[in-house]
Structures are given as C-alpha cells and as structure tokens.
Amino acid sequence: MVYLPPPQFASASRPSYAEAYARILAAHRRSPLTSAASVILLVAPDVDSLCAASMLADLLKGDDVMHRIIPVSGHADLEQKRDELATYNDLHTLILLNMGAILDLPSEEWFGNFSPQLTVHVIDSSRPQNLSSLFGAGENGERIVIWDDGGAEGMQEDKKAWEVLTYEPEPDSDEDSDLDDEDEEPEEEEDEYEEGTSSGKRRSLGEGRASPKRRKVDRSNRISRDDRARYAARLEKHYMSGTWHGQSASGTIYILATVLERVDNDLLWLAILGLTYQYNTSRISREEYEKYQSIYHDEVARLNPPLPASAANDYDFRSQNPDDRSVYAADELRFMMFRHWNLYDAMYHSSYVAAKLGIWKEKGRKRLTGLLAKMGFSVIETQQPYPHMAKDLKQNLRHKLDQIAPEYGLVELSYPSFTRCYGWLSQPISACDAVEAIAALLDVAGGVRMEVEVEGARNGGEWFGGGKVWDAGGREGRRDDERENIPPGGEDASGARGKNGVDGGEDGENEESGELQWWVKNFWTAFDALNNVAQMREALPLSMSLHRAIIRQGSSIIDKHDIKTLRGHRVVVLTQGPDLDLFVHPGVLSRLALWLVEAMRDRVQAGVLPNGRKRKSLPFVVACLNEKAGTYIVVGVTAALDFGEVRKNEFGLAFLDAKERCNARTRHGTFDTSVIEINKDDLKVFLETLCEGGDR
C-alpha cells in the first residue's frame, strides 16, 4: 500500500505521516555530503501551497536538512522540471505540494525511469486522485507516497475495480480462445506466452512462475464481461465526476507537526491561512470548513491564553503586550478587509453584500446607504478609515448588524474564523485579511500595472490625490512623479514589470522568459510576506485595488447585460476595458467568475433547464482576451445554488471533451483544470461545442 493514512488510521503495519518524515530524515543522514539538491519541494502557486511549503521548510530546517523550494506554475512547467530533475544524481526525496494527485506518477512518462533511490511524496488537496499512484505496487509504485486525508479508506471498491482492470487479462483476448491448446503445450512455451500477455503484470507482483495447473485455476476465477464492464463504469465515475478538494496541504503538514510534538503558533497560523484560503475560494463547503475550524479552535485554546473580555464583544482587537503573538478565535464579518478600509467600501466590495443588495444598480447602492443610516452611521463616519471611527460605533457594530441587517436579507454576515496579534509590530490581522493580501501578491504583485490608494488622501483628484503605482518589491512610486516614465505595459528598470513582464520589442523566447520571471517573483514576494507582517500589511492596499477592479468589471458586465445564456451555461467574454490586462491572470479571472456566481445566485430560479431536469448548479464560463498573445483565458466555475455549498467542478473534463470535438488549439497553463487558454480564432466554436455538452 503506497498511500499514507492519517494518524488515527495508522497501525504497526500501516505507517503514517511521522514514519514517512522519519524516512526522509534517514535518507538524508545516510548521505551527509549531499547538497540541497537531495531534498526538493515543488510548490504550486497558491496560498495553501505557500503555507504548506513554509511549514515543511521550518520542520526540515529544525532537523538540519538542506532542501530547495522550486515554484511550478502548471503541468507543462512540471514536465520541464521533471526533465531537469532527472540530471540530479543526489536527489533522493521529491515532495509535490498541491500537484500530482491526478497524474500517473509511477509510469515511465513521469518518474518511473528515475533512480531507484528516489521517493516522491505527494501532498495534494485536489481530487480525484490517480489510482495507480494511490494503490499501485511493484518497485515504481512503492516509490510514490501519497499523503492521504483518510478518503482512500472508503475507496476499497474503487481499489478492487482498478486492480481487476489492471492485472486481469481481457476476457475476449487471444489467451481466452487458446486455453485448451495451451494446457497441452510444454511449460517453456507457456512461460514465453505469459510474458507476452497482460498476465505478465501479475507475475511482476511476485506470484512466481505459473504452471498448467495454476492456469486452470485462473481460468475458473476469471471475471465475466459484465463484471468487467461494471468495474470499468466505476473507474469512469471516479475520474469523470468532476474535481473537488480535500484536506488542505497545510493542514496535512500541521498534523505531521502535531505528531512530532513541534506545533507552535506560527505553524498553527499558517494552517489556519490554508484552510481560510480554501473556504474563501469556494474549494470547500461551509460544512467542511466548520469541521476543520473546530479542530483549529481547540488548538488555539490549547496554545494561547484566553480571549480578553473586552475583545469578546466587538471586532476591535488589541495586542495585550508588546510581544503578544497570540492567535484568537473570533467571528469574522463578510466585509472585505473592513479593519483596514472604511466601512462603506468594505461592505460595497463584499461579494455577499453585493449579491444581496445588488450594488451594481443605483437602487442597490441606495439600499446600502439606507442600511448604514438605519444603523445610525452617517455618511462621513462610514467614509472614515475603520481604525479612526468612534469607539462607540465600533463597539455597537455587531449589535446593530444583528438587529437591522436581516431586514435587507443579510442573515449570514459572519462566520467563525481567527485573528492574530503582532504586538508592537502591527495591529492584529484576521485570517481572511492575511489570505487576501497573500493572494493579491501572488496574482498581481508583478506582471501588471496596479495603482493603489494612499490612506487619508481620498478625493484629491488625479493631481492632488494620493495615488501610487504598486511596485513588485513592495515599494510604491508616486503616480504623479512616475507617470511619464512608465510605459503602458508598466515596464520598470528591472525589466519585469510589463503586462507580460517583458518589453514589447523582445522576441517570443525572451517574452516567455520574462513571463516566467514575473510570476516567480510574485511567488517569492508572497512567500516572504507569510512571515513578515510589514510586507503583509503593505499588500493590503494592493488587494483593495484588486477588489475595486473586480467590482468595477463585474458591475459593468451585469449592468450592460453582457452575460449570455447558452444551453444552461452563462457565458461572459471580455474583449475590452481598462482592466483587460489584469483579468488575463487566471487567478484574478477566477475571482471575477466567483463574484459573478455570488451576484447571480439569488437571481436564478431552479428547475428552468430545457430538458426539464431540476437545476443543481450555476455554471459560469468567463473568457478574457489576451491581446498580446492572441489568445483567450477561459475559466469555468460550477457553484451550488445554495450559499455555502460547493459542487464538483466538471469543466476540466468538459474542456477536454470540447477540445477533442472541435479541434481547438488550447493550452493548460495551470494545475487548475477548469482554466484553459484558447486560440483567439477558436473561441466561438469552442464555446458552442462546450455548451452542447449539457448542464454541468
């Protein structure tokens, strides 16, 4: 068995995370002269992966294990890294964070031809998992170690189906028709025959030499065609039912740290950020989130002092002393970064509030103003930065919301979350705000020109206002001073600031290299900000600018009726606008798609499909034109009709099917199969073919 169950399912014969980590340490210590290339972490560019990489690096550092962290953007990039890793003679441990679960890693296409000393550990929250990696045996299979979250314990039927289809011969093969003749043939000829058929796979598992008598037993136990078809249907259901997510990678590493008795607030905080990221991006449902949140709630109570009474009744936390690094459990309002913004903008840019009030219309904005007025908040007070608001208003905020917000349909304005104190370094930061800051750095810290607002300098106009141009290094330059020195692409002196990170005059090869540079720089900027609260706070204005662009674009789409309905799918195609360069980033386009789903959820009636079936989801397809590359970035989102629920995303399979049927020129640039890049000329026929596939 090549998957590791969580500790609660482990036994003497079934090792778990701690035993796998001990083997990593043992392999490293057996060869003390090896370089950092002996242990390599390949990390996907998302918040959960960053948190898991930081946690695992901290554990390895504590055990004096040299290692390297290499960011990987997608499957094509992973193939390039695989070819490069094949030249590393010292490599004995390869750890894949949030990638590789769906790949047939034991095959020769991936790591089957690597040195026998190499062990590949896969810590991936995406589902479904490849059954060859999960259950495969033999020399290659044992080298692939899947860190499972317990889901494989309930997949025994899938395992049986996979084993039968992998190791049993076909019922209508030549072997089946010649069985009687083979019984009379010499043993030497029989052995040669078996090596040339699929039954040779069974011999590779250690069953030894077959004899004529043994073959008769095999024939009597051979499965029927109907059973084989039933097993094939089960495997097809496993792979074709869509994608979803299990336990976060950072949560898996936190369990490892718990078993090793090395947990602290830093590791706990990173695990909380990984979970919050999954919930904020609709990767897990409210029910799943609350299951893991209750576990972290107990951990917070175990590792931290009790919550002060003054902070228990409002959202205004304070550090208890200059060295306070405590983590507290607290309800979080669904207002976007309201502790660092003003109350009006925080509510206006909340997808939940926007959906309930319809803020893209004048009527909706008046409802928002009316809600605040009914709560006793004047316009001037709601435009003030939240830290500067009157203390009595902040203390009464929760009570007023509970009293008045339900009249406007806002009945789920809060959810259980966490907040961390940073002592003298900074004001406390909630898990949601930290995730938004890190995600913004990953998406738009470089590679696109972003303008951020200076606190306290609002409404000064273009010349007298406080607008700044965000710099990827965390430094902003005054818009007024640098506007003439920055070309439309946003190129700076380092050559990594343009829309695609390169000068427009470079050739294609340099352009590709430049693109690589900006996303790698974003990765390391976000990685450093995880453990640097100053950099994290500097990224909050960047996240605010990003949400302004999303609300601006989403409101324009709805207001101009740009949402087209094709056979039950809602399709949006962006071809122009001031933020077009921003939305060619898959992460930002996915955020826009999720915002549109939230906004339209309460405005879609169930049971309106042409075929008469009850609608179970709200499929959205959003495409954005990349003018420079001559392609479209397309994102598919399948969301449930009920708030807080999550449905499996079937667009990855639908994209592949549509591509094969219409021969569109496409490319998958990320690990998210529901994001695809399509040639500009093929978009129309691709969308028509996609929507012909039926309801998602």
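The written sequence of each chain sets the order in which its residues are numbered from 1. Where local features are concerned, this predicted model is filtered to residues with pLDDT of at least 70; where side-chain atom pairs are given and counted, the filter is 80 or more; whole-chain, interface and lining totals use all residues. To get the side-chain values, take all heavy atoms of the structure and skip hydrogens and water.

S.K.: Describe in detail the packing of helix α14 (residues 265-280) against helix α22 (residues 431-444), supporting the description with residues and values.
M.R.: Lines fitted to C-alpha atoms define the axes here, with helix axes fitted over just the stretch in contact, and angles between the N-to-C directions of these axes take values from 0 to 180 degrees. Put simply, DSSP marks the helices as runs of H or I at least four residues long and the strands as runs of E at least two long, and each gets a number from the N terminus on. Taken N-terminus to C-terminus, the directions of α14 and α22 make an angle of 75 degrees; their axes are 9 Å apart at the nearest point. The orientation of α14 with respect to α22, classified from their angle, is roughly perpendicular. On α22, the residues that touch W269, I272, L273, T276, Y277 and N280 of α14 are A431, C432, A434, V435 and E436. Each residue belonging to the contact of α14 with α22 can be placed in one class, and the counts come to 8 nonpolar, 2 polar and 1 charged. Any angle from 65 to 115 degrees is called roughly perpendicular, while one under 35 is roughly parallel, one over 145 is roughly antiparallel, and all others are oblique. By definition, residues are in contact when any of their heavy atoms lie within 4.5 Å. Here the nonpolar group is Ala, Val, Leu, Ile, Met, Phe, Trp, Tyr, Cys and Pro; Asp, Glu, Lys and Arg are the charged ones; every other residue, Gly included, is treated as polar.

S.K.: Could you give an account of the sheet that holds strand β2 (residues 39-43), naming the residues involved and the relevant values?
M.R.: In this description, strands pair whenever DSSP reports at least two bridges between them. One open sheet holds the 6 strands; their spatial order is β1-β7-β5-β4-β2-β3, and the pairing between them is parallel. Looking at which strands have only one partner, the edges of the open sheet turn out to be β1 (3-4) and β3 (68-71). Pairing of strand β5 (residues 119-123) with strand β7 (residues 144-147), which is carried by 3 bridges, proceeds in the parallel orientation. Counterpart to V120 in the pairing with β7 is I144.

S.K.: Let's hear about the sheet that holds strand β9 (residues 327-333): which residues, and what values?
M.R.: Ordered by their spatial adjacency, 3 strands build an open sheet running β9-β10-β11, and the pairing between neighbours is antiparallel. Of all strands in the sheet, those bounded by a partner on one side alone are β9 and β11 (429-430). As paired strands, strand β10 (residues 414-420) and β11 are joined by 2 bridges and run antiparallel to one another. Along β11, the bridge assignment pairs T419 with S430. Where α14 meets the sheet, its contacts fall on β9, β10 and β11, and the angle it forms with β10 comes to roughly 150 degrees.

S.K.: How would you summarise the pairing of strand β16 (residues 569-574) if you had to cite specific residues and measurements?
M.R.: The cut-offs for exposure are 20% and 50% of the maximum accessible area for each residue type, with area from a 1.4 Å probe on protein chains only; residues under the lower value are buried, those over the upper are exposed, and the others partly exposed. Along β16, 5 of the 6 residues are buried, which leaves the element largely enclosed by surrounding structure. Two successive antiparallel strands, strand β15 (residues 564-566) and β16, enclose a turn made up of 2 residues, where R567 displays a positive phi of approximately 50 degrees.

S.K.: Requested: an account of helix α21 (residues 391-404), with residues and values cited.
M.R.: For a helix, the expected span equals 1.5 Å multiplied by the residue count minus one. With 14 residues, α21 ought to run about 20 Å at 1.5 Å a step, and its terminal C-alpha atoms sit 20 Å apart, in line with that. Turning to α21, its buried residues are L393, K394, L397, L401 and I404. On its buried face, α21 is in contact with β9, α17 (343-348), α19 (362-374) and α20 (379-382).

S.K.: Go over the environment of D63 with me, naming the residues and quoting the values.
M.R.: With respect to the helices and strands, D63 occurs in the loop between α2 (47-62) and β3. For the pair D63 and L25, spaced 38 residues apart in sequence, the C-alpha separation works out to 7.8 Å. Within the structure, the side chain of D63 is placed 2.5 Å from the side chain of Y21, a separation counted as a polar contact. A distance of 2.8 Å separates polar atoms of two side chains, one belonging to D63 and the other to R262. What qualifies as a polar contact is a pair of N or O atoms within 3.5 Å, subject to a donor-acceptor requirement within protein and to the restriction that residues adjacent in sequence count only when both atoms come from side chains.

None of the figures reported here should be taken as evidence of function without further support.
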